[in-house]
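Listed below, chain by chain, are the residues.
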Amino acid sequence: MTNSKSLDVSPHYEFVVHGMTCASCVRRVERSIAKIEGVEKVNVNLASETAHVELSNPAVQAGQIIAVIGKAGYEAALVERADKQTQEQIEHRQREIADLKRDLMVAAVFTIPVFILEMGGHVIPGFHHWLHAFLPMQTSWIIQWVLTTIVLAFPGRRFFTLGVKSFMQKSPDMNALVAIGAGSAYVYSAIVTVMPGLIPENSRFVYFEAAAVVSTLILLGRYLEARSKGQTGQAIARLIGLQAKTAHLIENGQVRDIPLDELKVNDTVLVRPGETVPADGVVISGQAHINESMMTGEPLPVSKTSGDKVVGSTVSTNGSLTVKVEQVGENTVLANIIRMVQQAQADKLPIQNILDVVTSRFVPAVLLVAVFTFMAWMIWGPEPLLPHALTATVAVLIIACPCAMGLAVPVSIMVATGRAAQLNILFRKASALQLLKDTKVVVFDKTGTLTHGCPELTDLYVVEGFEQAQLLAHVAAIEQQSEHPIALAIVKASQEQALHLPQVDDFRNILGAGIQARIGHDAYLIGSETFLASQGVDIRDLAEKGTEFSHAGKTPIFVAVNTRAVGLFVIADTVKKDAASVIAHLHNMNIKTVMLTGDNTQTAQAIARQLKIDKVYAQALPDDKVKYVNQIKQEMGTLVFVGDGINDAPALANADVGVAIGTGTDIAIESADVVLMGKNIQNVAHAVSLSKATFRNIYQNLFWAFSYNVALIPIAAGVLYPAYGLGLSPVFAAAAMALSSVFVVSNALRLRRFSVK
């Protein structure tokens, strides 16, 4: 048997990479890392600012990769703990926003006078005549030159330093385009100002305001984009915020507070009412109700007492607990959740690979268009040739910056996977998010997935002359001496009614048949219809009802007292309360449903009828499940398999998308692409709906990013000028370019409001 998906077991590193601004930056970092011998695979994500590097040679050191990233022009740091990474990223982004805000303010202060001096006459009639009456034009140009130099040398310096590096790496990016555009306008204007003799008299115009305003507007766009991107990681930030900051350590009978980072495995901690459990562990003493909604989605607190497991970051609503710590730091359940979300956010979708190829060729293509634009204006343009050619060329360079293209996909993935985590849906692979939208059939395991996975007493029938409560108490007293799951279900039912259980004598378990016992003077027989008949009991009065329950997929247990059949206990693995609604939800989305179970055909068919499942495959062994999964995929198309047990792991791995129930086994979870925290399988339908919403969002982003460039580059180049006299000022080009990135990020942020229906 071969799995279509395998776990990521190769040695790998995770890095945070700062300074990337567009898809070309991503391409440059990936190419730089990929050149290192021993690197097998590189995945760089612009929105999450991360690099995932898989190695074929474990000897490759993190320092080598960091050095290569630095040589490419970016800062990198190794990620050692997922929660620490996110906290550091949040702090870095806050510093980045503060730096951009400072630079934007400085640029604006020096740009506004330049804009007024050069463009004031276009806004206020007669302004230039009034201004030149006491400020000669040459003096005005010198002032504009000085102010623009300050803007480009300080706030705008980043465009030139990064742009030059990208050229040296033979992979020009948006910084290169801005540097060429703003730099060309600046250099030409400086020559006109200080060496006018080099320029024909009819071409002596300055464009300092274009260089300054373009730089300022792009800084504005970067600032708005950084603020918006800062909101994409709020889901993980909220998860980290759930962690306790300190722990009450118990040592030698004394309690003292220590930082969470100092907590170690096997430490004993105190959890007081209203406090957060500091780490995963087991309760030693005490009793409390714990709010586990962040893990399971269940709103009601769960009672915890000695021997029960508790999860770090859950909250005690009342009562105190003494807890022995079992997992700390990156090994806790919460840290694993954060790591899963981050891996999904940093993962690349198949659609992204196509975009990477397109954007890698986009900037060189724009440079060629810019050269052609300049030449066309110099050959066929109106007088003055050089200023017109320069203006059109700068506008083309600025308008074509591929920032929005680089953000269109990853920022939507970040927001969507973060929102999914809030809904208790964890994507281990972002590729699952793309496949889910094409789901044609969802295949469910039965036990533990559609049902609770443990038998319960669902019906109790007693003949005339006997009381239900009394018979339940007596049978439970006998069954509590057995470890059979059916026995446990009967005992549990008696405990829920707080019944007093009498003393039992002469208990005898007849393997595979039933139980004999005495209570007082009465002899009890408990077991199947066949067992009681073999003991001479006449069960005709109960046989018909027993058959009805059997056909309904339930297990009838017959009880006789002194060889008289007196009661029928009906046991069943009950269906989860949301099972019917998830099937109906999927059917409403035109998705077929299948049950694939190892249980007997009669029980499987009964539950399928109850839930209105389209097709059933029963009595399937683990290898059979793989065979059926592959068969159903061929017949119906993209297949999602939902399961929770060890026997489901092969099917989960072979499905197009494997969805594991978070309450299931570790093996099932490790084999899955998506994990549903808690028991709510309605989240299967929610995950499909979120996938569809995410890709609608991505398609909107891509349409905006590409149509924007396709539409405006020709206008910037001047195709409308011969017929209509219309062009595109570099200032408006910069404003449009900045707003396009902000639009893409803002559109992606709408996914935070995705709601389940």
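In this text, all values refer to a predicted model and were calculated from it rather than measured experimentally.

Cut-offs applied
- Residues numbered from 1 in each chain as written.
- Predicted model: local features only at pLDDT ≥ 70, side-chain atom pairs only at ≥ 80, totals over all residues.
- Heavy atoms only, no water.
- Patch = residues over 30% accessible without salt bridge, like charges linked within 9 Å, V, L, I, M, F, W, Y side chains within 5 Å.
- Areas by Shrake-Rupley, 256 points an atom, 1.4 Å probe, with all protein chains shown as cover.
- Salt bridge = Lys/Arg side-chain N within 4 Å of Asp/Glu carboxyl O.
- Helix = DSSP H or I, 4+ residues; strand = E, 2+ residues; numbered from the N terminus.
- Expected span 1.5 Å × (residues − 1).
- Buried < 20%, exposed > 50% of the residue type's maximum accessible area, 1.4 Å probe, protein only.
- Pairing = 2+ DSSP bridges.
- UniProt positions renumbered as here; feature names shortened; annotations may be inferred.
- Phe/Tyr/Trp six-rings, centres within 6.5 Å; stacked < 30°, edge-to-face > 60°.
- Lys NZ or Arg CZ within 6 Å of the ring centre and 35° of its normal.
- Axes fitted to C-alpha atoms, helices over the stretch in contact; angles between N-to-C directions.
- Lys, Arg positive; Asp, Glu negative; His and termini not counted.
- Charge placed at Lys NZ, Arg CZ, Asp CG, Glu CD.
- Contact = heavy atoms within 4.5 Å.

## Focus on a nonpolar patch on the surface
Together, Val-371, Phe-372, Phe-374, Met-375, Met-378, Ile-379 and Trp-380 line one region of the surface with nonpolar side chains, adding up to about 750 Å² of accessible area. With respect to the helices, strands and loops of the structure, Phe-372 is situated in helix α12 (residues 350–380).

## A word on helix α13 (residues 385–399)
With 15 residues, α13 extends 21 Å between its outermost C-alpha atoms, agreeing within 8% with the 21 Å of an ideal straight helix rising 1.5 Å per residue. With 11 of 15 residues buried, α13 lies mostly within the body of the structure. Along α13, the residues that are buried comprise Pro-387, Ala-389, Leu-390, Ala-392, Thr-393, Val-394, Ala-395, Val-396, Leu-397, Ile-398 and Ile-399.

## Here we look at the pairing of strand β20 (residues 555–561)
Regular strands place side chains that alternate from one sheet face to the opposite one. Burial within β20 is extensive, with 6 of its 7 residues counted as buried. Taken together, the 7 bridges between β20 and strand β21 (residues 564–575) define a ladder with antiparallel strand orientation. Residue pairing across strands places Val-559 opposite Gly-567, the latter belonging to β21. The loop that links β20 with its antiparallel partner β21 comprises 2 residues; one of these, Asn-562, has a positive phi angle of about 55°.

## Overview of the UniProt feature "transmembrane region" (unreviewed entry) in the protein chain
On the UniProt side, "transmembrane region" (unreviewed entry) is annotated at positions that read residues 104–124, 130–155, 176–199, 205–224, 362–380, 392–416, 702–724 and 730–749 here. Helix makes up 79% of residues 176–199 and strand 0%, and the two end C-alpha atoms of the span are 26 Å apart. A helix fraction of 87% and a strand fraction of 0% characterise residues 702–724, whose end C-alpha atoms lie 30 Å from each other.

## Here's the deal with the packing of aromatic side chains
Any pair of aromatic rings gets described here by the distance separating the centres and the angle formed by the planes. All chains considered together, the criterion is met by 7 aromatic pairs. For the pair Tyr-186 and Phe-208, a centre-to-centre distance of 6.0 Å together with 70° between the ring planes defines the contact as edge-to-face. In this pair, Tyr-186 sits in helix α7 (residues 174–194) while Phe-208 sits in helix α8 (residues 208–230), placing the two residues 22 residues apart along the sequence. The pair Tyr-186 / Phe-208 is uniform in exposure class, with both members buried. Seen from the ring of Phe-695, Lys-437 lies directly overhead, with NZ or CZ sitting 5.2 Å from the centre. The ring centre of Tyr-461 lies 5.0 Å from the NZ or CZ of Lys-545, which sits over that ring.

## Notes on the sheet that holds strand β12 (residues 315–318)
Strands sit in the order β10-β9-β12 across an open sheet of 3 strands; the sheet is antiparallel. Sheet topology places β10 (302–304) and β12 at the edges, where each strand pairs with a single neighbour. The mean inter-strand angle of the sheet, taken between neighbouring strand axes irrespective of direction, is 45°. Pairing geometry for strand β9 (residues 288–291) and β12, over 3 bridges, is antiparallel. In the strand pairing of β12, His-289 is matched with Asn-318.

## What to know about the environment of Val-146
Considering the arrangement of structural elements, one finds Val-146 in helix α5 (residues 137–153). Between the C-alpha atoms of Val-146 and Val-42, which are 104 residues apart in sequence, the distance is 45 Å.

## Considerations on a negative patch on the surface
Where like charges cluster on the molecular surface, the negative patch consists of Glu-80, Glu-88, Glu-91 and Glu-330. Note on Glu-88: relative accessible area 47%, which makes it partly exposed.

## Brief notes about the sheet that holds strand β3 (residues 50–55)
Pairing within the open sheet is antiparallel, and its 4 strands lie in the order β2-β3-β1-β4. Edge positions in the sheet fall to β2 (39–45) and β4 (75–78), since each has one partner strand and no second. Across the sheet, the axes of successive neighbouring strands diverge by a mean angle of 25°, strand direction being ignored. In this structure, β2 lies alongside β3, joined through 6 bridges in antiparallel fashion. Each residue of the ladder has a partner; that of Asn-45, found in β3, is Thr-50. Relative to the sheet, helix α1 (residues 23–34) contacts β2 and β3, its axis offset from that of β2 by approximately 165°.

## A short note on α7
End to end, α7 covers 30 Å across 21 residues, agreeing with the expected 30 Å (1.5 Å per residue, within 8%). The buried count for α7 comes to 16 of 21 residues, which makes it a mostly enclosed element.

## Some points on a positive patch on the surface
Side chains of Arg-31, Lys-35, Lys-71 and Lys-170 sit close together on the surface and give a patch of like positive charge. A relative accessible area of 69% places Lys-71 in the exposed class.

## A few points about the pattern of salt bridges
As enumerated under the stated definition, the model contains 11 salt bridges in all. Glu-49 is paired through a salt bridge with Arg-93; the nearest N and O atoms lie 3.0 Å apart. Pair noted here: Glu-49 is in the loop between β2 and β3 and Arg-93 is in helix α3 (residues 82–123), with a separation of 44 residues, a long-range link. Glu-49 gets classed as buried once you look at its relative accessible area, which sits at 4%.

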